Amino acid sequence: MKKIKVGIIGTGNISHTHTAGYMALDNVELYAACDINEQRVKDYARKYGYKHVFTDYNEMLKLEELDAVSVCTWNSVHAPASIAALKAGKHVLCEKPMAMNTEEALAMEKAAKEAGKLLMIGFVRRFGNDARILKDFIDSGMMGDIYYAKASYLRRNGCPGGWFGDKSRSGGGPLIDLGVHVIDLVRYMMGKPKPVSVTGATFNKLGDRRNIKSTKEYRASDDSEEIFDVEDLALGMIKFDNGSVLTVETSFSLNIEKNVADIELFGTRSGAKLSPELKFYSEINDYLVDVTPAHDTALSFTGLFENEIAHFIDCIANGTECISPAEDGVEIMKILDAVYESARTGREVVL
Ligand SMILES: NC(=O)c1ccc[n+]([C@@H]2O[C@H](COP(=O)([O-])OP(=O)(O)OC[C@H]3O[C@@H](n4cnc5c(N)ncnc54)[C@H](O)[C@@H]3O)[C@@H](O)[C@H]2O)c1
């Protein structure tokens, strides 16, 4: 069996989950790792057994035998690193958000088409077991026509610091970092309708709450808090070409009781809520009923990154059609850009 040689660009926090996913597969060889932080990448390569170590991804991409890379850098490097990798003939799994903006995302999509290589976007929530089960129910008609959805990803004190608060490296705050997950998941569940218009609002009222003493659950690898020039709260209403509407709310800092990460979908035959566990709201025999799939390990909120990485490798090794392709990343970038533009101009953006 020919092993697929993989490389990692950016060996910070999330890259560890990528490597764990690759290590679970028999047909993958951990081959090269790259980070601008030399000590970090050396420690990383030693820990997992990556053969080659680089501090410049252009040098790493000269390895002819390297087949595929995960791009796990901060957001401003997603486009240049992915395009360089595609041009060097590598398959790419790029972390979310796809890029800083739609223009970059389109350039990435074009590079993938020209190279004839796979560019998959790491919309990891699609790969959760709960999401798979919900999608199965939707595809079988359980929900009827879905015409409204609500997506929330709210943190009370959750700015990870470092580059996440620096617009020149992140492209934005909670909308591009967290909102991207739930906006994508809803659109995916709805059957990928095209966005037609967007209204949005953003705030920066509480900032990154660096004054608060309680610990934050997620921190950037370099988490100094010198810069915070992104929004701390973003709200949006997105209308799709099939008439459906999504409202989204997402924050790094907000005066709420506890963090929320949820989506709710409302259809003509039933509604559904994803957490704390998948539940449907419907009617049977003129009674309102709540339906919960029987408890099963398959329903637990696990399997995210393992499933995503396994799918990436399956696409490369077996030509399986990618369920999280570049074109989906482009559509999501259009929505994110439009929320920011609407917030800036105070007007609805027609796409
Ligand atoms: N899918 C998810 O649930 C999820 C969760 C967290 C982060 N992410 C995404 O993963 C990416 C990384 O986030 P993180 O939390 O790991 O950040 P991090 O700060 O921990 O790591 C980023 C790494 O990228 C490195 N880097 C920056 N520029 C580079 C370059 N030119 N070449 C090589 N390395 C470079 C940094 O030195 C750092 O080690 C972001 O795009 C983020 O949105 C996704």
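Above this text you will find the structure in question.
As the structure is a prediction and not an experimental result, all values here were calculated from the model.

S.K.: For this particular structure, what's the right way to read unusual backbone geometry?
M.R.: Peptide bonds are, in most cases, trans, and in most cases residues other than glycine have a negative phi. Cis rather than trans, the peptide bond between K96 and P97 has omega equal to -15°. Tracing the backbone shows P97 in the loop between β5 (91-95) and α5 (102-115). For R209, which is not glycine, the phi torsion reads 55° and is therefore positive. Note that R209 resides in the loop between β8 (195-203) and β9 (233-240). Its relative accessible area of 13% is what places R209 among the buried residues. Of note, N285 is a non-glycine position whose phi angle comes to about 50°, a positive value.

S.K.: I tried to follow the layout of surface pockets on my own but got confused; where do I start?
M.R.: Gaps left between atoms show up when a probe the size of a water molecule is rolled over them. Of the pockets and cavities examined, the second largest pocket occupies roughly 250 Å³. Around the second largest pocket, the lining is made up of 14 residues, and of these K167, G171, E231, Y340 and E341 lie nearest the centre. When residues of the lining of the second largest pocket are assigned to their parent elements, the largest contribution, five residues, is made by helix α10 (residues 326-345). Broken down by class, the residue content of the lining of the second largest pocket amounts to four nonpolar, four polar and six charged.

S.K.: Help me out: how do you make sense of the packing of aromatic side chains in this one?
M.R.: Note on aromatic pairs: each is described by the distance of the centres and the angle between the planes. For the structure shown, the criterion picks out six aromatic pairs. On the basis of an interplanar angle of 70° and a centroid distance of 5.0 Å, the ring pair of Y44 and Y48 is categorised as edge-to-face. One end of the pair, Y44, and the other, Y48, are both in helix α2 (residues 38-48), four residues apart, so they sit about a helical turn from each other. Residue Y44 is classed as buried on the basis of its relative accessible area, which comes to 3%. Exposure remark for Y48: the relative accessible area of 17% places this residue in the buried category. Summarising the aromatic geometry, the rings of W163 and F164 are spaced 3.8 Å apart at their centres and angled 25° between planes, so their arrangement reads as stacked. Taken individually, W163 and F164 each receive the classification buried, so the pair is uniform in this respect.

S.K.: In this structure, what is going on with the pattern of salt bridges? I would like to understand it.
M.R.: One side chain can pair with another of opposite charge once the charged atoms of both are near each other. For the structure on display, the rule yields 21 salt bridges. Between E109 and K113 there is a salt bridge whose closest N-O contact spans 3.9 Å. One end of the pair, E109, and the other, K113, are both in helix α5, four residues apart, so they sit about a helical turn from each other. You can call K113 exposed: its relative accessible area is 64%. Here K273 makes a salt bridge to D262, at a shortest N to O gap of 2.4 Å.

Rules behind the numbers
- Residues numbered from 1 in each chain as written.
- Predicted model: local features only at pLDDT ≥ 70, side-chain atom pairs only at ≥ 80, totals over all residues.
- Heavy atoms only, no water.
- Helix = DSSP H or I, 4+ residues; strand = E, 2+ residues; numbered from the N terminus.
- Buried < 20%, exposed > 50% of the residue type's maximum accessible area, 1.4 Å probe, protein only.
- 1 Å grid on protein atoms, 1.4 Å probe; cavity = no way out; pocket = protein on both sides within 12 Å on 5 of 7 lines; lining within 4 Å.
- Points joined across faces, edges and corners; volume = space filled by probe spheres on them.
- Nonpolar A, V, L, I, M, F, W, Y, C, P; charged D, E, K, R; others polar.
- Phe/Tyr/Trp six-rings, centres within 6.5 Å; stacked < 30°, edge-to-face > 60°.
- Salt bridge = Lys/Arg side-chain N within 4 Å of Asp/Glu carboxyl O.

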